[in-house]
Amino acid sequence: MQVRKAVIPAAGVGVRFLPATKGQPKEMLPIIDKPTIQYIIEEAVDSGIEDVVIVTSRYKKAIEDYFDYSPGLELFLRRKGKLDLLEMVTSISQMVEIHYVRQKEPRGLGHAVYCARKFVGREPFAVLLGDDIVRSRVPCLQQLLEAYNELGGNILGVQEVPPEDVSKYGILDAVEIRPGVYRVRDLVEKPAPNEAPSRLAILGRYVLQPRIFDLLERTPPGAGGEIQLTDALRALCREEPIYGYVFKGRRYDVGDKLGYLKATVEFALDREDLAEDFRAYLRKLVGNAL
Ligand code: G1P
């Protein structure tokens with residue numbers, strides 16, 4: 001069955017970006033001039049997704065407003081004759097059908113995904129996490145969907161991470177069945193480096209079967225006292241095949257301050273309107289520092 005729907009959990013508090021996230025959702029922090037959540041939605045749309053549900057919370061109204069029409073702003077831009085900006089602004093509200101569901105209390109990623117069960121129904125669906133932005137030739141989710149169309153089951157987007165980073169991620173215990181594709185035997189959420197079964201980390205992209213909702217319903221709180229998606233996936237891999245797919249592309253953890261800075265610098269070096277001046281500035285800065 002074709003994957004048409006995507007779930008984007010965006011109810012997290014954004015503790016790592018306080019105080020900026022005290023008054024605005026972390027998903028609205030921009031990489032240069034575009035909120036991080038827009039990169040995620042663009043990836044979903046470019047991968048062929050038709051319906052998106054964003055799991056929000058009480059403090060995330062700015063996200064809904066952002067993807068809505070902005071009558072005042074649009075009128076202003078029209079009057080000023082700034083038609084290119086007008087087109088850009090209106091296109092944001094027309095990108096894709098977006099639905100919203102509230103997670104009423106912060107109970108973890110697994111619970112946030114569970115909140116989307118009625119929207120998804122009994123069909124396979126994608127999950128994209130807002131902290132993980134991937135720059136790639138073929139959109140990351142599209143790569144997973146291509147693997148899904150061939151293999152079926154459930155697909156996790158993975159890459160190898162350095163040993164000191166395994167404790168930040170869901171880590172696979174898996175066997176390679178062909179280059180870049182692993183069959184998952186088990187998983188562990190944020191293991192200590194000496195207990196990690198591999199260095200293959202789940203990096204915020206999933207294609208899942210609806211069976212996960214039944215398992216999430218029974219998943220008790222795990223790491224950090226939260227209902228973990230990884231724990232429900234552990235139960236799922238005993239019933240259905242789960243594959244780890246090594247996607248191609250550079251992935252940034254924009255939920256982390258250093259990752260956010262790296263993304264900002266590298267995206268700027270890729271922008272036609274900024275690259276030349278910014279590169280010259282960086283050269284000078286580095287030259288002065290040496
Ligand atoms: C979540 C998941 C983890 C995954 C990670 C990817 O963790 O629980 O399995 O590897 O996202 O970014 P979080 O970053 O929300 O702590």
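Higher on the page you've got the structure.
Calculation rules
Sequence order sets the numbering: in each chain, residues are counted from 1 along the sequence as written. Local features in this predicted model are restricted to residues of pLDDT 70 or higher, and side-chain atom pairs are both shown and tallied only at a pLDDT of 80 or more, whereas totals for entire chains, interfaces and linings draw on every residue. The side-chain figures draw on all heavy atoms in the structure; neither hydrogens nor water molecules are used. A run of H or I in DSSP counts as a helix once it spans at least four residues, and a run of E counts as a strand once it spans at least two, with each numbered from the N terminus. Every radius of gyration here is taken over C-alpha atoms, with the globule rule written as 2.2 Å times N^0.38, N being the number of residues. For each residue, the accessible area found with a 1.4 Å probe, counting protein chains only, is set against the maximum for its type, and the residue is called buried under 20%, exposed over 50%, and partly exposed in between. Throughout, the Shrake-Rupley method with a 1.4 Å probe supplies accessible areas, and for residues the shown protein chains are the sole cover considered. The charge count treats Lys and Arg as positive and Asp and Glu as negative. His and the chain ends do not count. Where a charge sits is defined by one atom per residue type, namely NZ (Lys), CZ (Arg), CG (Asp) or CD (Glu). Residues enter a patch when their relative accessible area is above 30% and they make no salt bridge; the linking distance is 9 Å between like charges and 5 Å between nonpolar side chains (Val, Leu, Ile, Met, Phe, Trp, Tyr). By salt bridge we mean one thing: a side-chain nitrogen of Lys or Arg within 4 Å of a carboxyl oxygen of Asp or Glu. Between any two strands, pairing holds if DSSP finds at least two bridges. What makes a residue near a molecule or strand is one non-hydrogen atom of that residue sitting within 4 Å of it. N or O atoms within 3.5 Å of each other form a polar contact, as long as, within protein, one can give a hydrogen and the other can take it, and as long as residues adjacent in sequence are counted only when both atoms are side-chain atoms. Throughout, the protein atoms alone are placed on a 1 Å grid, and a set of points is a cavity if a 1.4 Å probe fits but cannot get out or a pocket if it is open with protein on both sides within 12 Å along at least five of seven lines; lining residues have an atom within 4 Å of a point. Assignment to a cavity or pocket requires that more than half of a molecule's atoms be within 2 Å of the site's grid points. Each residue gets one of three labels, nonpolar for Ala, Val, Leu, Ile, Met, Phe, Trp, Tyr, Cys and Pro, charged for Asp, Glu, Lys and Arg, and polar for the others, Gly among them. Grid points are joined across faces, edges and corners, and a volume is the space filled by probe spheres set on the points.

1. Notes on the overall build of the chain
And step 1. Assigned secondary structure in the chain consists of eleven helices and 13 strands.
And step 2. In summary, the chain has a C-alpha radius of gyration of 20 Å against a globular reference of 19 Å for 290 residues, a match within 12%.
And step 3. For the chain, the residues scored as buried account for 49% of the 290 residues in total.
And step 4. Accessible area of the chain: about 15000 Å², with a carbon and sulfur share of 51%.
And step 5. Between the averaged position of the 41 positive side-chain charges in the chain and that of its 42 negative side-chain charges there is a distance of 3 Å.

2. As for a nonpolar patch on the surface
And step 1. Together, Val 13, Val 15 and Leu 18 make up an exposed nonpolar region whose accessible area comes to about 280 Å².
And step 2. Within the element layout of this structure, Leu 18 appears in the loop between strand 1 (5–9) and strand 2 (30–31).

3. Some remarks on the pairing of strand 11 (residues 200–208)
And step 1. Of all nine residues making up strand 11, nine are buried, and the element is well covered by its neighbours.
And step 2. With five bridges connecting them, strand 8 (residues 154–160) and strand 11 associate as antiparallel partners. Paired with Val 158 across the strands is Ile 202, a residue of strand 11.

4. Details of the site of the ligand
And step 1. Leu 109, Leu 129, Asp 132, Tyr 169, Gly 170, Glu 189, Lys 190, Ile 202, Gly 204, Gln 228 and Thr 230 make up every residue found near the ligand.
And step 2. The side chain of Asp 132 places a nitrogen or oxygen atom 2.9 Å from an oxygen atom of the ligand.
And step 3. At a separation of 3.2 Å, an oxygen atom of the ligand approaches a polar side-chain atom of Thr 230.
And step 4. Starting from 380 Å² of accessible surface for the ligand in isolation, the protein chains cover 80%.
And step 5. A molecule is said to occupy a pocket when more than half its atoms come within 2 Å of that pocket's grid points, and by this definition the ligand occupies the largest pocket.
And step 6. Looking at the shell around the ligand residue by residue, the classes come out as four nonpolar, four polar and three charged.

5. A short note on empty space enclosed by the protein
And step 1. Enumeration according to the criterion identifies one cavity of 30 Å³ or more in this entry.
And step 2. Of the voids in this model, the largest cavity is the one considered here, and its volume is about 80 Å³.
And step 3. If you trace the largest cavity, you find it lined by Phe 17, Lys 26, Glu 27, Leu 29, Thr 36, Gly 130, Asp 131, Val 254, Gly 255 and Tyr 260.
And step 4. Broken down by class, the residue content of the lining of the largest cavity amounts to four nonpolar, three polar and three charged.

6. What to know about a positive patch on the surface
And step 1. On the surface, Arg 58, Lys 61, Arg 102 and Lys 104 cluster together to form a positively charged patch.
And step 2. Among the structural elements, Arg 102 can be located in strand 5 (residues 97–102).
And step 3. When its relative accessible area of 38% is taken as the criterion, Arg 102 is described as partly exposed.

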